[in-house]
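Structural overview
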Amino acid sequence: MAKIERKPSPKGRKGDWSKVSNLKFLVDFMDEMGLTTTSVAEKVGLSRQSVFYWLDKDEAKLSAVDNVFKAFGYKLTFDYEKIRPEGTASITMNVRKEEEVSDGRLLSFLDNALNRYRIDRASVCEAIGIGKTTIYYWLTHDDIFVSYIFKIADAAGLKVKICINPIER
């Protein structure tokens, strides 16, 4: 029987995820918590290869990543903010009611931002090269690939805001 020769992984045994951008928040969380792809996979009930694949491809469904954070007792939330010119002070404005920000759906932030900033959905779809019904599909199925969160932000002139907080029990 012929021996199968495997190429060594460019990531090494522990993984070098320095080039990850879309899932950088997950890599940072794993680093902060001292987690490996194996420990994450075991906690969520996935194979190590699944988590490795996400990081290697820098892509995963938001629902899958959300499950990782929930499994470790954290709440993952996204929002979009207008990109404003940098000034000499850091200003945070909370002009929306908290109920509007989250209604329990993963993609409520996307729906809220499209409405709040009066963003034409068809224009965003065209700018990122997707069909005109795709955003509707994402919102009705309440899931999206993480890379599209960033593509939408770029197309609409927005900044992605990611918050990771412990779940209060």
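One can find the structure itself at the top, above this paragraph.
Residues numbered from 1 in each chain as written. Predicted model: local features only at pLDDT ≥ 70, side-chain atom pairs only at ≥ 80, totals over all residues. Heavy atoms only, no water.

**Details of the packing of helix α7 (residues 121–128) against helix α9 (residues 146–156)**
One way to put it is that α7 packs onto α9 with a least axis distance of 9 Å and a crossing angle of 110 degrees. In this view, α7 runs roughly perpendicular relative to α9, as classed from their interaxial angle. For α7 against α9, the interelement crossing comes out right-handed. Note on element contacts: α9 touches α7 through Y148, K151, I152 and A155, opposite V124, A127 and I128. (Axes fitted to C-alpha atoms, helices over the stretch in contact; angles between N-to-C directions. Helix = DSSP H or I, 4+ residues; strand = E, 2+ residues; numbered from the N terminus. Parallel < 35°, antiparallel > 145°, perpendicular 65-115°, else oblique. Left-handed = near helix turned anticlockwise from the far one by under 90°. Contact = heavy atoms within 4.5 Å.)

**A short note on the packing of aromatic side chains**
One pass over the structure, following the stated rule, counts nine aromatic pairs. With 6.1 Å between their ring centres and 20 degrees between their planes, F25 and F69 make a pair best called stacked. Placement of F25 in helix α1 (residues 24–33) and of F69 in helix α4 (residues 62–71) is noted, with a sequence separation of 44 residues between them. In this structure, F25 and F69 share a single accessibility class: buried. Between F29 and F69, the aromatic rings sit 4.6 Å apart at their centres with planes inclined by 50 degrees, giving tilted as the arrangement. Within this pair, whereas F29 is found in helix α1, its partner F69 is found in helix α4, the two being separated by 40 residues in sequence. Taking relative accessible area as the criterion, F29 reaches 6% and is therefore assigned buried. Through pairs of rings, three or more aromatic residues link up here, namely F25, F29, F69, F72, Y74, F78, Y80 and F109. Geometry around F72 places K43 over its ring, the cationic atom sitting 5.7 Å from the centre. The ring of F145 has K61 lying over it, and the distance from NZ or CZ to the ring centre is 4.9 Å. (Phe/Tyr/Trp six-rings, centres within 6.5 Å; stacked < 30°, edge-to-face > 60°. Buried < 20%, exposed > 50% of the residue type's maximum accessible area, 1.4 Å probe, protein only. Lys NZ or Arg CZ within 6 Å of the ring centre and 35° of its normal.)

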